[in-house]
Amino acid sequence: MEIITREIVNELSKATGQALVSIYMPTHRLGREMQQDPIRFRNLLSEAEERLAERSFRRPDIEALLKPAHMLKLATGFWMQQSDGLAIFITPDFMKYFRLPIRFEKLLVIANRLHLKPLLPLLSRNGHFYVLALSQKQVRLLEGSLFSVDEINLEGVPTSLRQALWFDDPERQLQYHTGTAAPGAPGMRPSVFHGHGAGSDDDKSELLRYFQQVDRGLMELLGDEQAPLVLAGVDYLLPIYREANHYPYIVEGSIQGNPDETSAADLHREAWELVEPIFRTGQRQALARYRELRGSGSGLADNRVETIVPAAHYGRVDTLFVTLDRQIWGSFDASKNSLEQHEAFQAGDQDLLDLAAMQTLYHGGAVFALKPDRMPDETPLAAILRYA
């Protein structure tokens with residue numbers, strides 16, 4: 001599965017144009033419903049064509065814009081490798097898709113910017129986490145939410161001790177480049193790690209080198225992520241990995257045992273037991289702080305769209321609470337510091353709730369995506385400001 005980071009979302013948020021298409025839909029991993037997913041996608045593309053035509057776009061331009069998506073519609077193998085939700089972004093310059101462990105509500109948005117708010121549960125601080133399963137033979141990275149977990153395709157990360165030490169050894173690299181078989185090829189004697197406990201100093205040194213490579217690859221992959229990371233592995237390996245680790249959001253507790261023998265579902269269950277208190281505490285503290293500031297008259301807590309959107313643009317929002325099931329259409333002109341809200345979509349509009357959330361993330365603020373009944377006020381948006 002693909003991975004969504006703040007860096008990726010920031011790049012997507014920079015795309016602008018007259019007709020950028022954002023599609024969200026639930027998908028299925030198995031069963032009869034999986035066969036219906038491409039049909040649902042085809043129907044969403046037909047709806048996109050109709051909306052674009054209603055906005056007076058020329059038929060050749062519509063066909064050119066949606067051509068990559070129509071090709072994806074016919075890719076049988078693609079639809080057989082789904083997660084719980086699919087997000088697709090279409091612009092004149094690119095089409096990107098993400099198969100993610102979150103069940104999206106069906107949604108089609110055509111605006112002058114991509115609609116990214118439904119991704120918030122995978123970026124905010126109330127339900128998104130990772131599991132790093134470590135053994136000498138295998139490295140797995142899983143991305144989880146409250147409901148499910150998916151394994152991430154690892155690139156630039158050694159997937160075993162044997163592979164890490166092979167490519168970390170200049171002599172072995174020289175042999176490889178001068179014609180010796182690669183690790184695992186016929187006739188190649190495999191690397192062996194001796195011992196089942198902590199072992200000798202040499203053993204620990206090899207493990208540390210291995211985990212340093214894993215850490216470097218992981219840091220490059222996760223970028224500026226702030227989601228909790230749960231370690232899974234046997235007890236003598238995890239302290240060595242913590243020594244190599246540079247990811248700042250690693251969870252204190254861990255999943256003990258050989259993860260090679262543990263299913264993704266079981267890793268998800270055990271990891272959720274560790275991260276749920278973190279999410280619950282962080283959200284509860286943020287809501288309590290908002291209510292305290294709201295009652296103090298300090299001006300540091302606000303629930304007005306017309307105040308929060310400009311504040312987010314200028315980096316003044318420390319913590320944002322936003323609901324996902326509503327859009328408020330309008331526009332914000334930063335050069336004039338002017339904001340307009342409209343009851344229905346107008347040309348040039350975007351979802352102002354989406355704009356506030358993306359700008360808050362861009363400036364390093366915390367975002368909590370909440371159901372309407374969990375919002376601190378009866379409003380779709382609320383914020384703690386860094387200064388009044």
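Residues numbered from 1 in each chain as written. Predicted model: local features only at pLDDT ≥ 70, side-chain atom pairs only at ≥ 80, totals over all residues. Heavy atoms only, no water.

A separate point is the packing of aromatic side chains. If you walk through the whole model with that rule in mind, you get 14 aromatic pairs. Judged by centre distance (5.8 Å) and plane angle (80°), the rings of tyrosine 24 and phenylalanine 89 are edge-to-face. Placement of the pair is tyrosine 24 in strand β1 (residues 16-26) and phenylalanine 89 in strand β2 (residues 85-90), with a sequence separation of 65 residues. Residue classification places phenylalanine 89 among the buried residues on the basis of a relative accessible area of 0%. (Phe/Tyr/Trp six-rings, centres within 6.5 Å; stacked < 30°, edge-to-face > 60°. Helix = DSSP H or I, 4+ residues; strand = E, 2+ residues; numbered from the N terminus. Buried < 20%, exposed > 50% of the residue type's maximum accessible area, 1.4 Å probe, protein only.)

Moving on: the pattern of salt bridges. For the structure shown, the criterion picks out 14 salt bridges. Note that aspartate 61 is salt-bridged to arginine 58, the shortest N-O span being 3.2 Å. For the salt bridge of arginine 140 with glutamate 151, the shortest nitrogen-to-oxygen distance reads 3.7 Å. Taken together, the positions of arginine 140 in strand β6 (residues 139-144) and glutamate 151 in strand β7 (residues 149-151) put the pair 11 residues apart, joining distant regions of the chain. With relative accessibility at 38%, the residue glutamate 151 sits in the partly exposed group. Taken together, the shared-partner salt bridges connect Arg29, Asp84, Arg103 and Asp150 into one network. (Salt bridge = Lys/Arg side-chain N within 4 Å of Asp/Glu carboxyl O.)

Looking at where glutamate 105 falls in the secondary structure, it is placed in the loop between β3 (95-100) and β4 (107-113). On the basis of relative accessible area, glutamate 105 is assigned to the exposed category, the value being 69%. Non-local contacts of glutamate 105, meaning those with residues more than four positions away in its chain, are made with Tyr24, Met25 and Pro26. (Contact = heavy atoms within 4.5 Å.)

Turning our attention to the packing of helix α2 (residues 32-54) against helix α3 (residues 59-73). At a minimum axis separation of 11 Å, α2 and α3 run at an interaxial angle of 170°. By the criterion of interaxial angle, the relationship of α2 to α3 is roughly antiparallel. Every residue of α3 that contacts α2 at Pro38, Phe41, Arg42, Leu45, Ala48, Glu49, Leu52 and Ala53 is listed here: Arg59, Ile62, Leu65, Leu66, Ala69, His70 and Lys73. Of the residues belonging to the contact of α2 with α3, the class tally is 10 nonpolar, one polar and four charged. (Axes fitted to C-alpha atoms, helices over the stretch in contact; angles between N-to-C directions. Parallel < 35°, antiparallel > 145°, perpendicular 65-115°, else oblique. Nonpolar A, V, L, I, M, F, W, Y, C, P; charged D, E, K, R; others polar.)

Helix packing for two helices is described by the angle between their axes and how far apart those axes are. The N-to-C vectors of helix α10 (residues 305-313) and helix α11 (residues 352-362) enclose an angle of 35°; their axes lie 8 Å apart at closest approach. Crossing hand, α10 versus α11: left-handed. Note on element contacts: α11 touches α10 through Leu352, Leu353, Leu355, Ala356, Gln359 and Thr360, opposite Val305, Ile308, Val309, Ala312 and His313. Looking at the contact of α10 with α11 residue by residue, the class counts come to eight nonpolar, three polar and no charged. (Left-handed = near helix turned anticlockwise from the far one by under 90°.)

Atomic detail in the predicted coordinates should be set aside for any region of low pLDDT. Overall, the prediction assigns the protein a mean pLDDT of 86, with 89% of residues at 70 or greater. Overall, residues 170-198 carries pLDDT values under 50, and its contacts beyond four positions in sequence, including any with other chains, amount to 34 contacts. (pLDDT = per-residue confidence, 0-100.)

A word on the sheet that holds strand β9 (residues 250-256). Within the open sheet, the five strands sit side by side as β7-β6-β5-β8-β9. Their pairing is mixed. Two strands lie at the open edges of the sheet, namely β7 and β9, each paired on one side alone. The average undirected angle you get between the axes of adjacent strands in this sheet is 25°. The pairing of strand β5 (residues 129-134) with β6 spans six bridges and is antiparallel. The residue bridging leucine 134 from the neighbouring strand is valine 139, located in β6. (Pairing = 2+ DSSP bridges.)

Right, let's get into the nonpolar core. One finds Phe89, Leu116, Leu119 and Leu320 to be the most contacted residues of the largest nonpolar core, which totals 40 residues. Ranked by residues supplied to this core, first place goes to α11 with seven residues. When near neighbours in sequence (up to four residues on either side) are disregarded, phenylalanine 89 contacts Leu12, Val21, Ser22, Tyr24, Phe94, Met95, Lys96, Phe98, Leu114, His115, Leu116 and Leu119. In this structure, Leu134, Leu161, Leu165 and Ala244 belong to the second largest nonpolar core, which totals 29 residues. (Core = buried A, V, L, I, M, F, W, Y, C linked by side-chain atoms within 4.5 Å.)

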